[in-house]
Amino acid sequence: MLTICSHYGYALIDPGTTLSCITPFVAGKFGIVPEILSDPFAVSTPVAESIIARRLYQGYTVSVRSHQTSADLVELEMLDFDAIMGMDWLAACYATIDCRAKIARFHFPGEPVLEWLVDSGNGGVVLQNTTKSSLIAEVKESQYEDPELVELRERVPQQKKLLLKLKGDGVLRYRGHLCVPDVAGLRDRIMSEAHYSWYSIYLGSTKMYHDIKDVYWWSDMKKNIAEYVAQCPSCQQVKIEHQKLGGLMQTIEIPT
């Protein structure tokens, strides 16, 4: 699983790319002012033929599990990924890529080799800044404002099954997921962030539900997400019943 400043995102680890890149949509969430490049340059990427780079975000903290590294990320308009971690970052991490096994290995000096099984979703690469997600912080601070969550708090000691937990930080969690209060439009904002943060990829309700439930929980969450996606005009346009039917196959004349 990969997150960027506590935001879920798609990233490509690409040893064929010289520089590491990030989309302006994701970079804008971190509150860091980019450096304006005096000499913009063209970059060839796996998702486009050539893109002009004009801004650079320096000194991002990139954590490989518990090991923190630093990366300079070039701002690029990309459609398929939120970030591309290139050769500059991989070299600094002493990384090797086993393409057949789909494993990235990080050989940090004096430390055990860290492995990331790309398809497993266990562990992974975490891009983060020193700031926390404002939504996560707001969820934690607003739990006392929701009468339903206040009532659930009182039930914690009476549980037969330990589904609800109050940890040392005083935050209520359901099966390890943050309980989201129904205040200040928080639930709608979480769904909006999850739905539109993929830049060009509009998540369906099932995929969006699984992504959100990795972090959050509230009652009727799956139903709320389905209703939210149903109201998205872009999602409705890509449904097969709304697509224009193709015509009959045409015979192509073979030139002589």
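Residues numbered from 1 in each chain as written. Predicted model: local features only at pLDDT ≥ 70, side-chain atom pairs only at ≥ 80, totals over all residues. Heavy atoms only, no water.

Peer 1: I tried to follow a negative patch on the surface on my own but got confused; where do I start?
Peer 2: Residues Glu148, Asp182, Asp188, Asp220 and Glu227 make up a contiguous surface patch of negative charge. By secondary structure assignment, the location of Glu148 is in helix 4 (residues 147–155). Classification of Glu148 by relative accessible area gives partly exposed; the value is 35%. (Patch = residues over 30% accessible without salt bridge, like charges linked within 9 Å, V, L, I, M, F, W, Y side chains within 5 Å. Areas by Shrake-Rupley, 256 points an atom, 1.4 Å probe, with all protein chains shown as cover. Salt bridge = Lys/Arg side-chain N within 4 Å of Asp/Glu carboxyl O. Lys, Arg positive; Asp, Glu negative; His and termini not counted. Charge placed at Lys NZ, Arg CZ, Asp CG, Glu CD. Helix = DSSP H or I, 4+ residues; strand = E, 2+ residues; numbered from the N terminus. Buried < 20%, exposed > 50% of the residue type's maximum accessible area, 1.4 Å probe, protein only.)

Peer 1: Can you walk me through helix 7 (residues 221–230) in this structure?
Peer 2: Think of an α-helix as turning once every 3.6 residues; residues three or four places apart then point the same way. Of all the positions in helix 7, only Met221, Ile225, Tyr228 and Val229 are classed as buried. Projected onto a plane normal to the axis of helix 7, the buried residues spread over an arc of 95° and lie on a single side. (Arc of directions from axis to C-beta.)

Peer 1: Looking at this structure, I do not really get the confidence of the model for the protein. What am I missing?
Peer 2: Predicted coordinates in areas of low pLDDT are best not read in detail. Predicted confidence across the protein gives a mean pLDDT of 76, with 74% of residues reaching 70 or more. Every residue in residues 120–124 scores below 50 in pLDDT, and together they form 12 contacts with partners more than four places removed in sequence or on other chains. Predicted confidence is poor over residues 128–133, with pLDDT under 50, and the contacts of this stretch with residues over four places away or in other chains come to 12 contacts. (pLDDT = per-residue confidence, 0-100. Contact = heavy atoms within 4.5 Å.)

Peer 1: Would you mind going over the sheet that holds strand 14 (residues 172–174) with me for this structure?
Peer 2: By way of backbone hydrogen bonds, the strands of a sheet pair with one another, either parallel or antiparallel. An order of 13-14-15-16 is seen for the 4 strands of this open sheet, with the pairing classed as mixed. Each edge of the open sheet is held by one strand with a lone partner, namely strand 13 (164–166) and strand 16 (216–217). Taken strand by strand, helix 4 contacts strand 13, strand 14, strand 15 (177–179) and strand 16, and its axis lies near 80° from that of strand 14. (Pairing = 2+ DSSP bridges. Axes fitted to C-alpha atoms, helices over the stretch in contact; angles between N-to-C directions.)

Peer 1: Please clarify how the packing of helix 6 (residues 205–213) against helix 7 should be interpreted in this entry.
Peer 2: To describe two helices that pack against each other, one gives the angle between their axes and the distance between the axes. Interaxial distance between helix 6 and helix 7 falls to 9 Å at its minimum, and their mutual angle equals 135°. With respect to helix 7, the element helix 6 is oriented oblique. Crossing handedness for the pair helix 6 and helix 7: right-handed. In this structure, helix 6 uses Ser205, Met208, Tyr209, Ile212 and Lys213 to contact helix 7, whose residues at the interface are Met221, Lys222, Ile225, Ala226, Tyr228 and Val229. Taken together, the residues that form the contact of helix 6 with helix 7 break down as 8 nonpolar, 1 polar and 2 charged. (Parallel < 35°, antiparallel > 145°, perpendicular 65-115°, else oblique. Left-handed = near helix turned anticlockwise from the far one by under 90°. Nonpolar A, V, L, I, M, F, W, Y, C, P; charged D, E, K, R; others polar.)

Peer 1: I'm lost on the side chain of Gln143 in this one. Help?
Peer 2: Looking at the secondary structure, you find Gln143 in the loop between helix 3 (134–142) and helix 4. Here the side chain of Gln143 touches Leu172 through a polar contact of 2.8 Å, landing on its backbone nitrogen. Residues in contact with Gln143, not counting those within four places in the same chain, are Leu149, Val150, Arg153, Gly170, Val171, Leu172, Cys179 and Pro181. (Polar contact = N/O pair within 3.5 Å; in protein donor to acceptor, adjacent residues only side chain to side chain.)

Peer 1: What exactly am I supposed to notice about the packing of aromatic side chains here?
Peer 2: Any aromatic ring pair is given by two values, namely how distant the centres are and how the planes are angled relative to each other. One pass over the structure, following the stated rule, counts 3 aromatic pairs. Both rings, one in Phe106 and one in Phe108, keep their centres 6.2 Å apart while their planes meet at 10°; by these two values the pair is stacked. The exposure classification of Phe106 matches that of Phe108, with both residues buried. Here the aromatic cluster, defined as three or more aromatic residues joined through ring pairs, consists of Trp89, Phe106 and Phe108. (Phe/Tyr/Trp six-rings, centres within 6.5 Å; stacked < 30°, edge-to-face > 60°.)

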